[in-house]
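Chains, contacts and geometry: an overview
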Amino acid sequence: MINYSIDSDGIATLEWDLPGRSQNVLNDQSMAAFAEAAQKALADNAVSGIVVASAKADFIAGGDLEMLLRVTDAEPFFAGIMNWHRLLRAMEATGKPVAAALNGNTLGGGLELALACHYRVASDNPKARFGFPEVTLGLLPGAGGTQRTPRLIGIQPSLLLLTEGKRIKAAEAQKLGLLHAVVPAGSEREAARAWVLEAAAKNAVAGRDGKPGKTLQPWDQKGFKVPGGGVMTPAGMQTFMAGNAMLREKTQGNYPAPKHILSCVFEGMQTDIDTGLKIEARYFVNLVRSAEAKNMIRSLFFGMQEANKLANRPQDVPTQKYAKIGMLGAGMMGAGIAHSAASAGIEVVLLDGTQEGAEKGKAWSRSLLEKNVARGRMKPEAAAAVLSRIKPTTDYKDFAGCELIIEAVFEDRALKAEVTQKTEAVLAPNAIFASNTSTLPITGLAEASARPANFIGLHFFSPADRMPLVEIIMGKKTSPETLARSMDFVKAIGKTPIVVNDSRGFYTSRVFGTYVSEGMALLQEGVLPSLIDNAGRIAGMPVGPLALADEVSIDLVHKIARQTKADLGDKYIERAADKVAALMVEKLGRLGKKCGHGFYEYPEDAKKHLWPGLAEHFPVKAQQPGLEEVIERLILIQSVETARCMEENVVLRPQDADVGAILGWGYPPFRGGPIGQIHTMGLRKFVAACDRLAEQHGERFRPSQWLNEKLARGEHFYPV
Ligand code: NAI
């Protein structure tokens, strides 16, 4: 695991090389192996200095998340961290020079190990990134990162690194003072060795006291001060005051990790490093065991990783490579999808009703690319290459040779049927036809197709060039092969797929819609609109439900309700939100943001504000519910609907439900997702809460028989 060697100059090299893994990670085994090797080198009189290196393409990727996900007991975990600290402190303090040769990515615990070396030299490998991504998974750098970084580069710059989790390149890391040197790729080990050799030679010369010299960290030297000033300086106080306020605004207090990071630095910089490390360890243990971190690791890391690796792709279908696709409709969605595909190196035939319409779709790509070039994010030649792949047209014959067609014309069944048939007339027999419909069931749309096995839903989100999720919808007759090949496309354009079965609103729109309609139901009941939308944001949603209704447009909410009612007939259950939408659209003509008037007013020269007229149409009741009550309704309505989707096999795996919610409508990651929320509460508590809400507010909250049976069997959505 750790290759140990000593050269003729007495320099030991400790080389990380985890067997059977592409990356080095810190876990119980690798840390124990490194500790043993390091102790041996420190104790060996024949060793004058140490180089820490990696045999893999990267240095160390960080802590082992599987291990962290499993941690439950505080005591043994705390003891393990303190053991690691003792080792790193020994490395720092015995006096032998230790250098880290950083050949590639050096992240999280890897960077922390490097910071415990006296010297850090990195290769100029353009792929290498340095940083502390822990905060993005609800954790903090728990191996000294919050203590050594500010002692090395100062409080303010380190807080940016620690609380934002940014990964920076070697040159920037050097400028900040995290690295001592950046050298041509391949020479970093030699550079580290040369530094150790020189430091060891200096140490060998006895000082005035007659004793050999010692290589020490800045913080172990007499008179050390935190660069840029400590906590109790005007600059320090300002940093923490502003940092606290900014954090509160950004996170609403929902994310303990950045808060604990601030505390670690605040408390740790007022004491010696050993006490600081202990403080950090306590906050770290608290985070590792928190529901927030477990939820984020499970959904943002493992759930996302599985989705991106196409974990539920049907096997035995060869991977499809895409060279040329067709885009039907060059409107907002069509232009965005075309841009994504062309950016991934795929030729796109962009067809619209008129040449002008098709050109307009391409022009949108041009403006995006020009912006990227102007900001220095893209070379002009690369931008030109992307643009040259988009071919605007009105001629269906140009679809010949396309492996996939994505339809994004107006949301109209008859129109979609017509363009499907026109397309299939020129399409290769094996090509896939996908619809980007947001509301029309795929099985119904496939009736217009001569080859329903090759017909599928690929539901993109707006803005399509930026939103990372694609909801893949299986029609009744869609073949597994079509699914597998469609997943290959989503991966090829760098997006994340979730797979769902056909249903009204599929999965994402259906559950997301419950959040919006619950907000409207609250309004109808006489709850203060400001309380409703603030509760949504404090719950962690990106926007309140009323503001969101304005964004998607209230007439769309109204239209979907009417369509559903028409389709379901007697079976349709009227919702409070329907009345609100009908009133807003039909009587008041307030359609939402697009017309400047909705639940909010959108003045041209000022910020949006709640429409004062709301009080007249939705009189505010004297007795208002508490904030927690409103939050509970807005959050649990999404979970209970998601559970129904799972019961109906619309969504097959909790991971898909959770990843889809986070990427699709900005569901708060600290809750894990709508199923993660149930898991965090525990099924028993969730069912009880929903039963209570159903009694108070209506059957939409009623947990189903299926959920009750699951509870009775003692089952869980995720392993406990
Ligand atoms: P849009 O109105 O911006 O674009 C539709 C385009 O289709 C227009 O450029 C129009 O000229 C073109 N078109 C109409 N009839 C045509 C025909 N016969 N032949 C060729 N082109 C024709 O609409 P948008 O927003 O791009 O939506 C398109 C589809 O995507 C709809 O099915 C919609 O439900 C769905 N969708 C929309 C989302 C959104 O946020 N806007 C999100 C996800 C899906």
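Source: prediction; values computed, not measured.

Moving on: the sheet that holds strand E19 (residues 496–501). In spatial order, the strands read E14-E13-E12-E15-E16-E17-E18-E19; together these 8 strands make up an open sheet with mixed pairing. Looking at the sheet topology across the chains shown, the edges are occupied by strand E14 (390–393) and E19. Ignoring strand direction, the axes of neighbouring strands in this sheet form an average angle of 25 degrees. Relative to strand E13 (residues 347–351), strand E12 (residues 324–328) runs parallel, the two being bridged by 5 bridges. Following the sheet pairing, Lys324 is matched in E13 by Glu347. Where helix H14 (residues 355–374) meets the sheet, its contacts fall on E13 and E14, and the angle it forms with E14 comes to roughly 160 degrees.

Next up on the list: the side chain of Gln320. Looking at the secondary structure, you find Gln320 in the loop between helix H12 (291–308) and E12. Of the residues examined, Gln320 reaches a relative accessible area of 17% and is grouped as buried. For Gln320, the side chain forms a polar contact with the side chain of Arg485, separated by 2.6 Å. Ignoring anything within four residues of it in the chain, the contact list for Gln320 reads Glu403, Arg485 and Asp488.

Next up on the list: a positive patch on the surface. Together, Lys371, Arg375, Arg377 and Arg466 make up a positively charged patch on the protein surface. The topology assignment puts Arg375 in the loop between H14 and helix H15 (380–388).

As far as domains go, the protein chain holds domain 1 (2–206 + 225–289), domain 2 (324–503) and domain 3 (508–626). When each unit is reduced to the centre of its C-alpha atoms, the spacing between domain 2 and domain 3 is 31 Å. If you look at the interface, domain 2 gives 8 residues, while domain 3 gives 6 residues. Buried area between domain 2 and domain 3, both sides added, is near 440 Å², and the carbon and sulfur share of it is 43%. Linking domain 2 with domain 3 are 0 salt bridges, by the criterion used here.

Under the defined criterion, the tally for this structure stands at 38 salt bridges. The residue Glu418 makes a salt bridge to Lys422 at a minimum N-O spacing of 3.2 Å. In this pair, Glu418 and Lys422 both sit in helix H16 (residues 413–424), 4 residues apart, roughly one turn of the helix. Exposure remark for Glu418: the relative accessible area of 39% places this residue in the partly exposed category. The partner of Arg633 in a salt bridge is Glu518, and the shortest N-O contact between them spans 2.9 Å. One end of the pair, Arg633, is in helix H25 (residues 627–647); the other, Glu518, is in helix H19 (residues 508–525), and 115 residues separate them in sequence.

Conventions and cut-offs
Throughout this description, residue numbers start from 1 for each chain and increase along the sequence as written. Predicted model: local features are reported for residues with pLDDT of at least 70 only, side-chain atom pairs are reported and counted for 80 or more only, and whole-chain, interface and lining totals are derived from all residues. Values shown for side chains rest on all heavy atoms present in the structure; no hydrogens or waters enter the calculation. Any two strands between which DSSP finds at least two bridges are classified as paired. Secondary structure is summarised from DSSP: a helix means a run of H or I of at least four residues, a strand means a run of E of at least two, and numbering begins at the N terminus for each. Only the stretch in contact is used when fitting a helix axis, every axis being a line fitted to C-alpha atoms; angles between N-to-C directions are given from 0 to 180 degrees. Contacts were defined at the residue level, with two residues in contact if any of their heavy atoms lie within 4.5 Å. Here's how the labels work: a residue is buried when its accessible area is under 20% of the maximum for its type, exposed when over 50%, partly exposed in between, all with a 1.4 Å probe on protein chains only. Two N or O atoms count as a polar contact when they lie within 3.5 Å, although within protein this holds only if one can serve as hydrogen donor and the other as acceptor, and sequence-adjacent residues are included solely when both atoms are side-chain atoms. Only residues whose relative accessible area exceeds 30% and that take part in no salt bridge are eligible for patches, with like-charged residues grouped when within 9 Å of each other and nonpolar side chains (Val, Leu, Ile, Met, Phe, Trp, Tyr) grouped when within 5 Å. In these tables, accessible area is a Shrake-Rupley quantity obtained with a 1.4 Å probe, and a residue counts as shielded only by the protein chains included in the view. When a carboxyl oxygen of Asp or Glu lies within 4 Å of a side-chain nitrogen of Lys or Arg, that pair is called a salt bridge. Note that His is not counted, nor are the chain ends; the positive residues are Lys and Arg, and the negative ones are Asp and Glu. One atom stands in for each charge, and that atom is NZ of Lys, CZ of Arg, CG of Asp or CD of Glu. As used throughout, domain bounds are those supplied by an automatic or database domain assignment. As a working definition, buried area equals the accessible area (1.4 Å probe) given up by two parts on being put together, with both sides summed.

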